[in-house]
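For reference, the chains in residue letters:
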Amino acid sequence: MGLPLAQALAGAHSDVIAFDTDTARVEGLSAGMDRNEPEEGGFEVPASLSFTTEVSDLAAASVYIVTVPTPIDGDQRPDLRPLQAACGTIGGVISKGDLVIFESTVYPGVTEEVCGPLISEHSGLKAGTDFTLGYSPERINPGDTVHTFATMMKIVAGQDAQTLDRVAAIYDPVVPAGLHRATSIKVAEAAKVTENIQRDLNIALMNELALIFERIGVRTADVIDAAATKWNFQRFTPGLVGGHCIGVDPYYLISRAEALGYYPEVIRAARRLNSSMSQHVAQRAVQMLVHLGNGVAGRKVGVLGVTFKEDVTDFRNSQVPEIIRQLHDFGLAPVAHDPHADVDRFREEYGIELRSWEDLVGVDVLVLAVPHHAFLGRPRDELFALARRPGVIIDVRSALNPAEVPEGINYWSL
Ligand SMILES: NC(=O)c1ccc[n+]([C@@H]2O[C@H](COP(=O)([O-])OP(=O)(O)OC[C@H]3O[C@@H](n4cnc5c(N)ncnc54)[C@H](O)[C@@H]3O)[C@@H](O)[C@H]2O)c1
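Residues numbered from 1 in each chain as written. Predicted model: local features only at pLDDT ≥ 70, side-chain atom pairs only at ≥ 80, totals over all residues.

Asks: Please clarify how the site of the ligand should be interpreted in this entry.
Replies: Taken together, 23 residues lie near the ligand, and Met1, Pro69, Ala85, Ser104 and Thr105 sit nearest. The biggest single contributor to the shell around the ligand is helix α3 (residues 81-93), with four residues. (Near = placed C-beta within 6 Å. Helix = DSSP H or I, 4+ residues; strand = E, 2+ residues; numbered from the N terminus.)

Here's what the structure looks like:
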């Protein structure tokens, strides 16, 4: 999230210093190469933008914007360590009169109750007087070319009216879609988690309906197409919720709510349901294979797409590795391919070797887990040719037209 922000700011402000602790990342970006969203020929680094791993380079700044990750730990509790480390870094270089804006997704209260005091502790300066705090949640949607940094309205907040004006003045020149001035930092923090929790819940509802319609014997995609003709129907679709926003942010609010003595039920239920969908897909693949006869053990399953959603390189918290693991546990031989995922980094993270498209030819079950354009853009015959006859196609996102599926293939979609 920091990169598109730094690039946008560099177009309007004279000196943007982009700091990261990852040396390889900084080396790549300094050369105009973004490993997260690689472009042919790279991107041009404007004179107003520099990349660095040197903390001392940050001392020249008067405004700090923090976009570090906010993951969860193994117990699904907020892991604020990157944020705390960033506050320590800023605390070492900040001067009187400086402004610190947080963009990372957090639960309401983190900016003023965790970050401000930490910066004070490291700097000896007082939050609210010596330096001030702002918050402006990041809304970028990876892989989306329509809803971009410039085309989406941005929420801004400050700990007092003067700070809010200062925060707004920084973003105003680079967000033509406009700014929404939230009434407080906590409101802006809460707004961000609310956006993602609403999406998580809506997808969970569609996943639950899909599980019911499957038992009834109707295709959920057909039901949604019909229901969407009603003027106030919101088109959400069932699927695997992954990534480090929708699948993670609800836990931030859950944890805060529980600390305050309230135990969320609906938000937790949505998380539970969405997290279980990988298991459902794997079980469905096995059931359909059993129905073909000739046993399950050792049968080959091809998995297309491993990233957390279509047309992105990011596979953090993707549910597809979990599908692969479960297929493996059922005694099947899964083989996965993804043209967008970095093979080495995926192996490092999940211990799974990604293979070529050709390695999937002749699989008993083909799981179209992530419908990248790179897959759907190929002639359908090539896609269907991967599965042997008789065989099975599992179309997780209902991206295919069932009427086009050739004879001899049993088709299932969520
Ligand atoms: N990616 C999204 O789709 C998205 C969308 C909206 C909001 N967000 C939120 O924005 C924040 C950042 O997300 P992201 O996907 O860009 O994260 P990311 O995991 O890509 O990390 C961003 C960078 O922070 C660096 N970093 C980690 N600790 C650091 C430290 N102490 N000092 C300096 N750099 C450090 C990492 O090396 C990395 O390059 C998160 O809170 C996330 O929830 C993300």
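Asks: I'm lost on the packing of helix α8 (residues 249-259) against helix α9 (residues 266-275) in this one. Help?
Replies: Helix-helix packing is characterised by the crossing angle of the two axes and by the distance between the axes. One can describe the packing of α8 onto α9 by two numbers: an axis separation of 10 Å at closest approach and a directional angle of 145°. The handedness of the crossing between α8 and α9 comes out as left-handed. Residue-level contacts link Pro250, Leu253 and Ile254 of α8 to Ile267, Arg268 and Arg271 of α9. Taken together, the residues of the contact of α8 with α9 break down into four nonpolar, no polar and two charged. (Axes fitted to C-alpha atoms, helices over the stretch in contact; angles between N-to-C directions. Left-handed = near helix turned anticlockwise from the far one by under 90°. Contact = placed C-beta atoms within 7 Å. Nonpolar A, V, L, I, M, F, W, Y, C, P; charged D, E, K, R; others polar.)

Asks: Looking at this structure, how should I read helix α11 (residues 320-329)?
Replies: An α-helical turn contains 3.6 residues, so any two residues separated by three or four positions project in the same direction. All buried positions along α11 are accounted for by Val320, Pro321, Ile323, Ile324 and Leu327. Projected down its long axis, α11 carries its buried residues within an arc of 155°, all on one side. As for α11, its buried residues are in contact with α10 (277-292), β8 (300-304), β9 (333-337), α12 (343-350) and β10 (363-368). Positive backbone phi, approximately 90°, marks Gly331, located one or two places after α11. (Buried ≥ 20, exposed ≤ 12 C-beta atoms within 10 Å, placed from the backbone. Arc of directions from axis to C-beta.)

Asks: What is the right way to read the nonpolar core from this model?
Replies: Generally speaking, soluble globular proteins have nonpolar side chains that are buried together. Judged by nonpolar contacts, the single largest core of 104 residues is most densely connected at Ala285, Val303, Val306, Val367, Leu368, Ala369 and Ile394. Here the element with the most residues in this core is helix α6 (residues 185-216); it accounts for nine residues. Setting aside anything within four residues of it in sequence, one finds Val303 in contact with Val320, Ile323, Ile324, Pro334, Ala336, Val367 and Ala369. (Core = buried A, V, L, I, M, F, W, Y, C linked by C-beta atoms within 7 Å.)

Asks: It is not clear to me how the domain arrangement of the protein chain should be interpreted in this structure. Could you clarify?
Replies: Reports often express the size of an interface as the amount of accessible area lost when the parts come together. In terms of domain boundaries, the protein chain breaks down into domain 1 (2-192), domain 2 (201-273) and domain 3 (276-413). Using C-alpha coordinates to define each centre, domain 2 is positioned 23 Å away from domain 3. Among the residues forming the side of domain 2 that touches domain 3, the class breakdown is four nonpolar, six polar and two charged. (Domains from an automatic or database assignment.)

Asks: Explain the environment of Thr163 to me, please; I cannot follow it from the model alone.
Replies: The residue Thr163 is located in helix α5 (residues 161-171) in this model. What makes Thr163 buried here is the crowd of 21 C-beta atoms within 10 Å. When the C-alpha positions of Thr163 and Lys96 are compared, they lie 14 Å apart, and in sequence the two are 67 residues distant. Sequence-distant contacts of Thr163, defined by excluding residues within four places in its chain, comprise Leu99, Thr132, Gly134 and Gly158.

Asks: Where do I start with unusual backbone geometry in this structure?
Replies: Across the chain, the bulk of peptide bonds are trans and the bulk of non-glycine residues have phi less than zero. Going from Arg389 to Pro390, the amide bond is cis rather than trans, its omega being -5°. Inspection of the secondary structure assignment puts Pro390 in strand β11 (residues 387-395). Of note, the phi angle at Gln76 is positive, near 60°, even though the residue is not glycine. Gln76 gets classed as partly exposed once you count the C-beta atoms within 10 Å, which come to 16. Phi is positive for Ser398, which is not a glycine, with a value near 55°. Its place among the elements puts Ser398 in the loop between β11 and β12 (409-413). Exposure remark for Ser398: the 22 C-beta atoms within 10 Å place this residue in the buried category.

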